[in-house]
Amino acid sequence: KQDFILEPIPKEPIVLPDDGSEADATAKPVLLSDDEVEILKIIAKNVSLGVDKKEGYITLNVTGSEPIQTAELAMKAQQLLQEEITRFRVEKSQNELDYIQARYDEIKREAESYQEQLARITDRSQGITTTKDRIERDRIQNKYNISNSIYSELAKQLEQAKMQVKKDTPTFTIVQPVTVPTQASNL
């Protein structure tokens, strides 16, 4: 579980990575204008999150003077929150899945290449089997067996990694959907 805390926005401009990723060394910083900083201050003042760790839920509260715009802001905040929680929860298992998928694809091509080599040498030495042909065929057969064994193991790991990503992906239940208030609250 992750706590999301809205901190007061500093008066000086904020520099953020271009895509929100600290890991991307090529990300270019974005310098926020004074107007953008003011907008962020207003949002921070009007949007709040409450986290109930014991029950495992988050309460999103949005206040504002315009009911429709406030409801739209609440919906967008809810969407962004869900996306960020999902990204945070599945990032490690998704990276593992991507690595295993790349290795799986690579070893699959290798196994298929050895299989094709084995077929060619078997076809070539159909009627005439020399010791040299037998040694070459055995060598390629051994390489194929090893690569096929690794391929089979990676196939298992790939399925496990896919299941882990699904397991780590949180499900969200909206207990109280965003509604446009019909009367002003005294918050």
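What you see is a predicted model; the values in this text were computed from it and never measured. (Residues numbered from 1 in each chain as written. Predicted model: local features only at pLDDT ≥ 70, side-chain atom pairs only at ≥ 80, totals over all residues. Heavy atoms only, no water.)

### Side note on the environment of arginine 134
Then step 1. Along the chain, arginine 134 turns up in helix α3 (residues 131-168).
Then step 2. Exposure remark for arginine 134: the relative accessible area of 37% places this residue in the partly exposed category.
Then step 3. Linking arginine 134 and threonine 122, residues 12 residues apart in sequence, is a C-alpha distance of 9.1 Å. (Helix = DSSP H or I, 4+ residues; strand = E, 2+ residues; numbered from the N terminus. Buried < 20%, exposed > 50% of the residue type's maximum accessible area, 1.4 Å probe, protein only.)

### Comments concerning the pattern of salt bridges
Then step 1. Evaluation of the coordinates by the stated rule reveals 7 salt bridges.
Then step 2. Between lysine 41 and glutamate 38 there is a salt bridge, with the nearest N and O atoms lying 3.4 Å from each other. Placement of the pair is lysine 41 and glutamate 38 together in helix α1 (residues 34-46), with a separation of 3 residues, close to one helical turn.
Then step 3. A residue is classified by how much of its surface remains accessible, and glutamate 38, at 41% relative accessible area, is partly exposed.
Then step 4. When the shortest N-O distance is used, the salt bridge between glutamate 91 and arginine 87 registers 3.3 Å. With a gap of 4 residues between them, glutamate 91 and arginine 87 both fall in helix α2 (residues 67-124), about one helical turn apart.
Then step 5. Under the relative-accessibility criterion, glutamate 91 is labelled partly exposed at 40%.
Then step 6. Salt bridges sharing common partners tie together Glu84, Arg87 and Glu91. (Salt bridge = Lys/Arg side-chain N within 4 Å of Asp/Glu carboxyl O.)

### Some details on the environment of glutamate 110
Then step 1. Looking at the element boundaries, glutamate 110 is found in helix α2.
Then step 2. The spatial distance from the C-alpha of glutamate 110 to the C-alpha of serine 147 is 6.9 Å, given a sequence separation of 37 residues.

### Some words on the side chain of serine 93
Then step 1. Relative to the helices and strands, serine 93 is located in helix α2.
Then step 2. Ignoring any residue separated from it by four or fewer positions in sequence, one finds serine 93 in contact with Gln164, Val165 and Asp168. (Contact = heavy atoms within 4.5 Å.)

### Re the packing of α2 against α3
Then step 1. One can describe the packing of α2 onto α3 by two numbers: an axis separation of 7 Å at closest approach and a directional angle of 160°. If you check the angle between α2 and α3, you find them roughly antiparallel. With respect to the hand of their crossing, α2 and α3 are arranged in left-handed fashion.
Then step 2. A class-by-class count of the residues in the contact of α2 with α3 yields 18 nonpolar, 11 polar and 11 charged. (Axes fitted to C-alpha atoms, helices over the stretch in contact; angles between N-to-C directions. Parallel < 35°, antiparallel > 145°, perpendicular 65-115°, else oblique. Left-handed = near helix turned anticlockwise from the far one by under 90°. Nonpolar A, V, L, I, M, F, W, Y, C, P; charged D, E, K, R; others polar.)

### Focus on the nonpolar core
Then step 1. The biggest cluster of nonpolar side chains holds 8 residues, and these are Leu97, Ile100, Tyr104, Ile107, Leu154, Leu158, Ala161 and Val165.
Then step 2. Taken together, the elements giving at least two residues each to this core come down to α2 and α3. (Core = buried A, V, L, I, M, F, W, Y, C linked by side-chain atoms within 4.5 Å.)

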